[in-house]
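Per-entry structural report
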Amino acid sequence: EWKFGDKKIHIMLEYKKAAVEMGVNLSMNIIAATLALIAILGGLSTFLIEKKESNLWLYVAIALIVCSFFAFVVSIYQGGKGIDKARKSVYEGCWSLEISKNQFNNQAICCFVGILFFVIVLIMCLGNDKEDGGEVQLKILNEKVDEMISFQKTETEENSKIQSLEEKIRSLDLMIKELKSK
């Protein structure tokens, strides 16, 4: 049988328990999102190395990817540390938010910093695509075709001049033959 004061204490403990559980669940969700972002970072770094021109911006982007990766790893570590502290405090019967508050705050800050670096890298990726080897060969081939067309036009003009000169030579030959025959 509960007395009014005991019931109030029991309800307060339930609220504390729910608050700690919410903090742990939020931390676990941040860890899951951070792991997904680490996978995306891997794909982004592969894209950068394969498709971007090698210049200062590429190296800055790779450095930001590395910083983002480490921020995400520290975020996961802090979240795990906070969950462990909450677990230990629950085992001891103490439902307190203060025990793991610093770790959960550090987790959120590190995750935010990692996302900030990630967004900067995405913005940097909008330009400077490296030309594909096939595209370079296609440009060279187009230039060669243009040269050949230009040469062919020049050759056709020269041929028509030559034909014109040959006709003049023939007519002159005929005139010379006619003069000799007279």
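Right, let's walk through the structure included here. Model, not experiment: these values are computed from the prediction. (Residues numbered from 1 in each chain as written. Predicted model: local features only at pLDDT ≥ 70, side-chain atom pairs only at ≥ 80, totals over all residues. Heavy atoms only, no water.)

Moving on, we get to the nonpolar core. Generally speaking, nonpolar side chains in soluble globular proteins are found buried as a group. By size, the foremost hydrophobic cluster in this structure holds 15 residues, and its most contacted members are Leu44, Leu48, Ile65, Phe72 and Val121. Elements represented by at least two residues in this core include exactly helix 1 (4-51), helix 2 (56-91) and helix 3 (101-124). With 6 residues, helix 1 is the largest single contributor of residues to this core. Dropping the residues within four chain positions of it, Ile65 is found in contact with Leu41, Leu44, Ser45, Leu48 and Val121. Grouped together as the second largest cluster of nonpolar side chains are 5 residues, Val20, Val24, Trp95 and Phe104 included. (Core = buried A, V, L, I, M, F, W, Y, C linked by side-chain atoms within 4.5 Å. Buried < 20%, exposed > 50% of the residue type's maximum accessible area, 1.4 Å probe, protein only. Helix = DSSP H or I, 4+ residues; strand = E, 2+ residues; numbered from the N terminus. Contact = heavy atoms within 4.5 Å.)

Turning our attention to the side chain of Ser27. Looking at the secondary structure, you find Ser27 in helix 1. For Ser27, a relative accessible area of 1% gives the class buried. Leaving out residues up to four positions away in the same chain, Ser27 has contacts with Gly79, Ile83, Phe104 and Gln107.

Moving on to the layout of surface pockets. Each pocket or cavity is described by its volume, and for the largest pocket that value is around 210 Å³. Surrounding the largest pocket, 13 residues form its lining, Gly23, Leu97, Ser100, Lys101 and Phe104 being those nearest its centre. Within the residue set of the lining of the largest pocket, elements represented by two or more residues are helix 1 and helix 3. Top contributing element to the lining of the largest pocket by residue count: helix 1, with 6 residues. (1 Å grid on protein atoms, 1.4 Å probe; cavity = no way out; pocket = protein on both sides within 12 Å on 5 of 7 lines; lining within 4 Å. Points joined across faces, edges and corners; volume = space filled by probe spheres on them.)

Together, Val66, Phe69, Phe70 and Val73 make up an exposed nonpolar region whose accessible area comes to about 330 Å². Examined against the element boundaries, Val66 turns out to sit in helix 2. (Patch = residues over 30% accessible without salt bridge, like charges linked within 9 Å, V, L, I, M, F, W, Y side chains within 5 Å. Areas by Shrake-Rupley, 256 points an atom, 1.4 Å probe, with all protein chains shown as cover. Salt bridge = Lys/Arg side-chain N within 4 Å of Asp/Glu carboxyl O.)

Here we take up helix 2. With 36 residues, helix 2 ought to run about 52 Å at 1.5 Å a step, and its terminal C-alpha atoms sit 52 Å apart, in line with that. Taken from the residues just after helix 2, Gly93 is the one with a positive phi, measuring 85°. (Expected span 1.5 Å × (residues − 1).)

Right, let's get into helix 3. For helix 3, built from 24 residues, the straight-helix expectation of 34 Å at 1.5 Å per residue is met to within 8% by its first-to-last C-alpha distance of 35 Å. Where helix 3 is concerned, the buried positions are Gln103, Phe104, Gln107, Cys110, Cys111, Gly114, Phe118 and Val121.

The next point concerns the side chain of Gln78. Take Gln78: it is sitting in helix 2. Judged by relative accessible area, which is 12%, Gln78 ranks as buried. Setting aside anything within four residues of it in sequence, one finds Gln78 in contact with Gln103, Asn106 and Gln107.

What follows covers the pattern of salt bridges. Side chains carrying opposite charge are able to pair once their charged atoms draw close together. Per the stated rule, a full pass over the model turns up 2 salt bridges. Taking the shortest distance from any N to any O, the salt bridge between Arg87 and Asp84 comes out at 2.6 Å. With Arg87 and Asp84 both in helix 2 and 3 residues apart, the pair spans about one turn of that helix. Judged by its relative accessible area of 52%, Arg87 is exposed. Put simply, Lys88 and Asp84 hold a salt bridge, and the shortest N to O gap is 3.3 Å.

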